[in-house]
Protein chains: 2
Amino acid sequence: MAIEHWAEEDTEMADRTEGTSHRPAPVHTHPDDVPLLTALSALADPVRIQLVRDLAGHPDWALSCSNFDVPVGRAAKSHHFSVLRDAGLVEQRDQGPKRLNRLRREEFDARFPGLLDLTLRTDDTE
Amino acid sequence: MAIEHWAEEDTEMADRTEGTSHRPAPVHTHPDDVPLLTALSALADPVRIQLVRDLAGHPDWALSCSNFDVPVGRAAKSHHFSVLRDAGLVEQRDQGPKRLNRLRREEFDARFPGLLDLTLRTDDTE
DNA sequence: CCCAGTGTTCGATGGCCATCGTACAGTGCT
DNA sequence: AGCACTGTACGATGGCCATCGAACACTGGG
């Protein structure tokens, strides 16, 4: 299960409609291949929760990584997106120099029913 | 929100200046007072997941701490139960030298709908 | 009263992880 | 070409946390 249909390789050339990328494509993990512990660990971080929530508040592919307003530097932010990809929470697509993001709502919810909704709608009163 | 109703009764000793128990009662946190991040962090640990699952497989108050078969020493186990208490996942009650446990299913589920069920029934394929 | 069983606390340790700064690599624009 | 922008890779660092061993505290029973 969980077929990665992404296969993009550093093909030397050929003009493509939109795909000619000499840049390593982001590695994705399908939610079906994600252990529960990985999913929980991914969401057990304040910055990543904020990223997910922010992402949920915008249309798919609307936000590039730099558009997220989190109190960490670029390096850490990049790391967090990597974690979110590995947890099957985020899908990324390159467009120009930017890396657009999409929350994998349905796929993730199919694997971990309710977890994403919980993360999005729980009001953190403390 | 979250009233702790602690009226443990059965101690015979009439003379109670303040609980004849000479042992510090376990400190509990009601799920309503638990931030999402705390709940997720509590469950983002393999040993604690195992504890919760094991607990769910037995009737309330059926298991004392030593009855759980996890690959850690007593000290670490005690620490894990402390974390679970702070996350509103476990309630403990002293009986003799033992400390009996109960999974706070309904209260926790009311605060984080689906999270506990998810933890209990997700099959970890890897 | 001692003892065995149970659980907590303490200090120490090792490892993992979030973060930073910097350097580097692609991309598009002028 | 050069440049600004975007994101990643790398090494280092600091902190948090899971774990252990040992010491301690409480309980009930012989």
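Preceding this paragraph is the structure being described.
Now for a look at the structure at hand.

About the criteria used
Residues numbered from 1 in each chain as written. Chains lettered and ligands numbered in written order. Predicted model: local features only at pLDDT ≥ 70, side-chain atom pairs only at ≥ 80, totals over all residues. Heavy atoms only, no water. Helix = DSSP H or I, 4+ residues; strand = E, 2+ residues; numbered from the N terminus. Buried < 20%, exposed > 50% of the residue type's maximum accessible area, 1.4 Å probe, protein only. Least-squares fit on C-alpha atoms with pLDDT ≥ 70 in both. Contact = heavy atoms within 4.5 Å. Near = heavy atom within 4 Å. Polar contact = N/O pair within 3.5 Å; in protein donor to acceptor, adjacent residues only side chain to side chain. Nonpolar A, V, L, I, M, F, W, Y, C, P; charged D, E, K, R; others polar. Salt bridge = Lys/Arg side-chain N within 4 Å of Asp/Glu carboxyl O. Pairing = 2+ DSSP bridges. Buried area = accessible area lost by both parts, 1.4 Å probe.

## Quick look at the overall build of chain A
Point 1. Counting its regular elements, chain A contains 5 helices and 3 strands.
Point 2. Along the chain direction, N to C, the helices and strands of chain A fall in the order α-α-β-α-β-β-α-α.
Point 3. Here chain A, with 126 residues, has 40% of them falling under the buried criterion.

## Things to note about the relation of the copies chain A and chain B
Point 1. The operation relating chain A to chain B is a screw motion whose rotation component is 180°, with 0.0 Å of axial translation and a residual RMSD of 0.1 Å. On this basis, the relationship between the two copies can be described by a two-fold rotation axis.
Point 2. A share of 95% of interface residues in chain A that are also interface residues in chain B marks the association as one of identical surfaces.

## Some thoughts on the protein's contact with DNA strand C
Point 1. Every one of the 26 residues lining DNA strand C counts as a neighbour, but Gly73, His79 and His80 of chain A together with Ser66 and Ser78 of chain B are closest to it.
Point 2. A distance of 3.2 Å separates a phosphate oxygen of DNA strand C from a polar side-chain atom of Arg48 of chain A.
Point 3. At a separation of 2.6 Å, a phosphate oxygen of DNA strand C approaches a polar backbone atom of Gly73 of chain A.
Point 4. Elements supplying a minimum of two residues to the surface near DNA strand C: α2 (46-56) and α3 (74-86) of chain A together with α3 (74-86) and β3 (98-103) of chain B.
Point 5. With 5 residues, the single largest contributor to the surface near DNA strand C is α3 of chain A.
Point 6. Broken down by class, the residue content of the surface near DNA strand C amounts to 8 nonpolar, 10 polar and 8 charged.

## Notes on the side chain of Thr119 of chain A
Residue and element names in this part refer to chain A.
Point 1. On the secondary structure map, Thr119 appears in helix α5 (residues 115-121).
Point 2. Overall, Thr119 belongs to the buried group, its relative accessible area being 0%.
Point 3. A polar contact is formed between the side chain of Thr119 and the backbone oxygen of Leu115, at a distance of 2.9 Å.

## As for the pattern of salt bridges
Point 1. Overall, the coordinates contain 13 salt bridges over all chains when judged by the stated rule.
Point 2. Asp94 of chain A serves as the salt-bridge partner of Arg99 of chain A, at 2.7 Å between the closest nitrogen and oxygen.
Point 3. On the accessibility criterion, Asp94 of chain A (22% relative accessible area) is partly exposed.
Point 4. Residue Arg102 of chain B is joined to Glu91 of chain B by a salt bridge in which the shortest nitrogen-to-oxygen separation is 2.1 Å. Of this pair, Arg102 of chain B sits in strand β3 while Glu91 of chain B sits in strand β2 (residues 90-95), and the two are 11 residues apart along the sequence. Residues Arg102 of chain B and Glu91 of chain B agree in their burial class; the two are buried.

## Section: the protein's contact with DNA strand D
Point 1. With respect to spatial proximity, 23 residues lie near DNA strand D, and among them Ser66, Ser78 and Arg99 of chain A together with Gly73 and His80 of chain B are the closest.
Point 2. Here a phosphate oxygen of DNA strand D and a backbone polar atom of Gly73 of chain B are 2.6 Å apart.
Point 3. If you list the elements that add at least two residues to the surface near DNA strand D, you get α3 and β3 (98-103) of chain A together with α2 (46-56) and α3 of chain B.
Point 4. Of the residues assigned to the surface near DNA strand D, the class counts are 8 nonpolar, 8 polar and 7 charged.

## A closer look at the sheet that holds strand β1 (residues 63-64) of chain B
All names here are of chain B.
Point 1. Spatial strand order, β1-β3-β2: 3 strands in an open sheet with antiparallel pairing. Only two strands of the sheet have a single neighbouring strand rather than two, namely β1 and β2.
Point 2. Relative to β3, β1 runs antiparallel, the two being bridged by 2 bridges. Bridged to Ser64 within β3 is Leu100.

## Some words on the interface of chain A and chain B
Point 1. Contact residues are listed per partner, giving 22 residues for chain A and 22 residues for chain B.
Point 2. Note on chain A versus chain B: buried area summed over both sides is about 1,800 Å², and carbon and sulfur give 69% of it.
Point 3. Three residues stand out in chain A for area buried against chain B, namely Leu36, Leu40 and Leu118 of chain A, and they jointly supply 29% of the buried area on that side.
Point 4. Connecting chain A to chain B are 0 salt bridges.

The quantities given are spatial measurements derived from coordinates; they are silent on function.
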